[in-house]
Amino acid sequence: MQGLRTRARSDRGGRGPGHPRRHLTGVLLGSPGPNTGLVSQEGQHWTNSSFVHSFIQSFSKHPTLGTTHCLRSRSASVSCDSEGGPEKYLKIATQENTMKDTDIKRLLYVHLLCIFSIILSIFIPSFFLENFSVLETHLTWLCICSVSVTAVNLVLYLVVKPNASSKRSSLSYKVTRFLKCCIYFLMSCFSFHVIFVLYGAPLIELALETFLLAVTLSTFTTVPCLCLLGPNFKAWLRVFSRNGVTSIWENSLQITTVSSFVGTWLGAFPIPLDWGRPWQEWPISCTLGATFGYVAGLVTSPLWIYWNRKKLTYKNN
């Protein structure tokens, strides 16, 4: 009889070695690890995310566990309340996922409007200009396309404000920033022009065509960088370096910029072929390749981000 009472007392107290309360207490009261998070009594390493995930699972399976603990790691302190603790973390995770989905939707709408501006630059001028076409009046189309894409990018980024700053800036600061952006854009155009000449483009005969190709490529690559990051060359290097992206918008900027460069490079392959097509003349194939690459980046970047949204982590988040 005395043995049965002792056994019943130990079962009510939850002191058995395999009891879930003892297991959870061993996890909660772990000591700080050398690298990340916590180390349980069994020697297992726990990061903050894995710890919260395991705690939520244990709490949902055993709702009678009502012990309040305070956990501190080297990087952050995580407090858990006995009532509503798991719900708190679930609410935070849900808010983060909602914000990420909202940003993806905004990004998709912005990209669709950019694609729509390119389509309008193909069809709208034909109502006002005689014999207008992308191939026959190619230089005119390049100017119209560059202006329309630049205008749409400026308006959209001013409205959406993906990198809005809480600091108020003066009028002189805004004017100086605008002038710097213009200088950056001109430097980009001349740099691309020099690169095209070094890669075999005519130096004098088709200088205007080469320069308009440089303007078009700068419109697809430099203008979005200026709208999102401003005239900050260090920020540009950070975005296009490894693991330097801090937002969904910067991730999309990487994809669209690289796809524009790749499209321009692929567009140069048909030029030396003896097909005798009008679009093989310089720089029609390269500008078409840059346009197709830019549109492909606008389409694929939101889809790729949405597909990998659970794997993407950013430093500011």
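Residues numbered from 1 in each chain as written. Predicted model: local features only at pLDDT ≥ 70, side-chain atom pairs only at ≥ 80, totals over all residues. Heavy atoms only, no water.

Participant: Outline the nonpolar core, listing residues and values.
Facilitator: Formed by 41 residues in total, the largest nonpolar core has its most connected members in Phe 196, Leu 229 and Tyr 294. Put simply, the parts of the chain that give this core at least two residues each are helix H4 (85–123), helix H5 (138–160), helix H6 (171–198), helix H7 (207–229), helix H8 (233–239), helix H9 (248–267) and helix H10 (284–307). In terms of residue count, H7 provides more of this core than any other element does, 9 residues in total. (Core = buried A, V, L, I, M, F, W, Y, C linked by side-chain atoms within 4.5 Å. Buried < 20%, exposed > 50% of the residue type's maximum accessible area, 1.4 Å probe, protein only. Helix = DSSP H or I, 4+ residues; strand = E, 2+ residues; numbered from the N terminus.)

Participant: If you had to explain the pattern of salt bridges to someone new, which residues and values would you point to?
Facilitator: With the rule as written, the count across this model stands at 2 salt bridges. Between Arg 106 and Asp 103 there is a salt bridge, with the nearest N and O atoms lying 3.4 Å from each other. In this pair, Arg 106 and Asp 103 both sit in helix H4, 3 residues apart, roughly one turn of the helix. You can call Arg 106 partly exposed: its relative accessible area is 29%. Given a relative accessible area of 23%, Asp 103 falls into the partly exposed group. In this structure, Glu 250 and Arg 238 form a salt bridge, with 3.1 Å as the shortest nitrogen-oxygen distance. Linking Glu 250 in helix H9 with Arg 238 in helix H8, this pair joins segments that are 12 residues apart in sequence. Given a relative accessible area of 3%, Glu 250 falls into the buried group. (Salt bridge = Lys/Arg side-chain N within 4 Å of Asp/Glu carboxyl O.)

Participant: Which residues make up the packing of H5 against H7, and what are the values?
Facilitator: Where H5 meets H7, the closest approach of the two axes is 10 Å, and the angle between their N-to-C directions is 5 degrees. Comparing the axis directions of H5 and H7 gives the class roughly parallel. From H5, Leu 139, Leu 142, Cys 143, Cys 145, Ser 146, Val 149, Thr 150, Asn 153, Leu 154 and Tyr 157 reach across to H7, where they touch Leu 208, Glu 209, Leu 212, Val 215, Thr 216, Thr 219, Phe 220, Val 223, Pro 224, Cys 227 and Leu 228. Residues of the contact of H5 with H7, tallied by class, amount to 15 nonpolar, 5 polar and 1 charged. (Axes fitted to C-alpha atoms, helices over the stretch in contact; angles between N-to-C directions. Parallel < 35°, antiparallel > 145°, perpendicular 65-115°, else oblique. Contact = heavy atoms within 4.5 Å. Nonpolar A, V, L, I, M, F, W, Y, C, P; charged D, E, K, R; others polar.)

Participant: Tell me about the packing of H7 against H9, and please be specific about residues and values.
Facilitator: Each pair of packed helices gets described by two things: the angle between the helix axes and the distance between those axes. Orientation of H7 relative to H9, taken along the N-to-C sense of each, is 165 degrees, at an axis distance of 9 Å. As summarised for this structure, H7 and H9 are arranged roughly antiparallel, according to the angle between their axes. As H7 packs across H9, the resulting crossing turns out to be left-handed. Between H7 and H9, the contacting residues are Leu 217, Phe 220, Thr 221, Pro 224, Cys 225, Leu 228 and Leu 229 on the first element and Trp 249, Glu 250, Leu 253, Thr 257, Ser 260, Phe 261 and Thr 264 on the second. Considering only residue class, the contact of H7 with H9 consists of 9 nonpolar, 4 polar and 1 charged. (Left-handed = near helix turned anticlockwise from the far one by under 90°.)

Participant: Explain H9 to me, using residue names and the numbers behind them.
Facilitator: Because an α-helix completes one turn every 3.6 residues, residues spaced three or four positions apart along the sequence face the same direction. Compared with an ideal rise of 1.5 Å per residue, which puts 20 residues at 28 Å, H9 spans 29 Å between its outermost C-alpha atoms and is within 8% of the ideal. Most of H9 is tucked away, with 14 of its 20 residues classed as buried. (Expected span 1.5 Å × (residues − 1).)

Participant: Describe unusual backbone geometry, with residues and values.
Facilitator: Cis geometry marks the peptide bond from Trp 282 to Pro 283, where omega comes out at 0 degrees. Checked against the element boundaries, Pro 283 lands in the loop between H9 and H10. Unlike most non-glycine residues, Asn 131 shows phi in positive territory, near 55 degrees. With respect to the helices and strands, Asn 131 occurs in the loop between H4 and H5.

Participant: Give me the lowdown on a nonpolar patch on the surface, citing residues and values where you can.
Facilitator: Residues Phe 116, Leu 120, Ile 124, Phe 127, Phe 128 and Leu 129 make up a contiguous nonpolar surface patch of about 660 Å² in total accessible area. Take Phe 127: it is sitting in the loop between H4 and H5. Residue Phe 127 is classed as exposed on the basis of its relative accessible area of 68%. (Patch = residues over 30% accessible without salt bridge, like charges linked within 9 Å, V, L, I, M, F, W, Y side chains within 5 Å. Areas by Shrake-Rupley, 256 points an atom, 1.4 Å probe, with all protein chains shown as cover.)

Participant: How would you summarise the side chain of Thr 219 if you had to cite specific residues and measurements?
Facilitator: Within the element layout of this structure, Thr 219 appears in helix H7. Thr 219 gets classed as buried once you look at its relative accessible area, which sits at 0%. In this structure the side chain of Thr 219 is engaged in a polar contact, spanning 2.8 Å, whose partner is the backbone oxygen of Val 215. Sequence-distant contacts of Thr 219, defined by excluding residues within four places in its chain, comprise Ser 146, Val 149, Thr 150, Phe 185 and Pro 224. (Polar contact = N/O pair within 3.5 Å; in protein donor to acceptor, adjacent residues only side chain to side chain.)

Participant: Give me the lowdown on the packing of aromatic side chains, citing residues and values where you can.
Facilitator: We describe a pair of aromatic rings using the distance from one ring centre to the other and the angle between the two ring planes. If you walk through the whole model with that rule in mind, you get 10 aromatic pairs. For the pair Phe 190 and Phe 211, a centre-to-centre distance of 5.5 Å together with 45 degrees between the ring planes defines the contact as tilted. Of the two residues, Phe 190 is situated in helix H6 and Phe 211 in helix H7; the sequence distance between them amounts to 21 residues. The interplanar angle of 10 degrees and the centroid separation of 4.4 Å between the aromatic rings of Phe 220 and Tyr 294 together place this pair among those described as stacked. (Phe/Tyr/Trp six-rings, centres within 6.5 Å; stacked < 30°, edge-to-face > 60°.)

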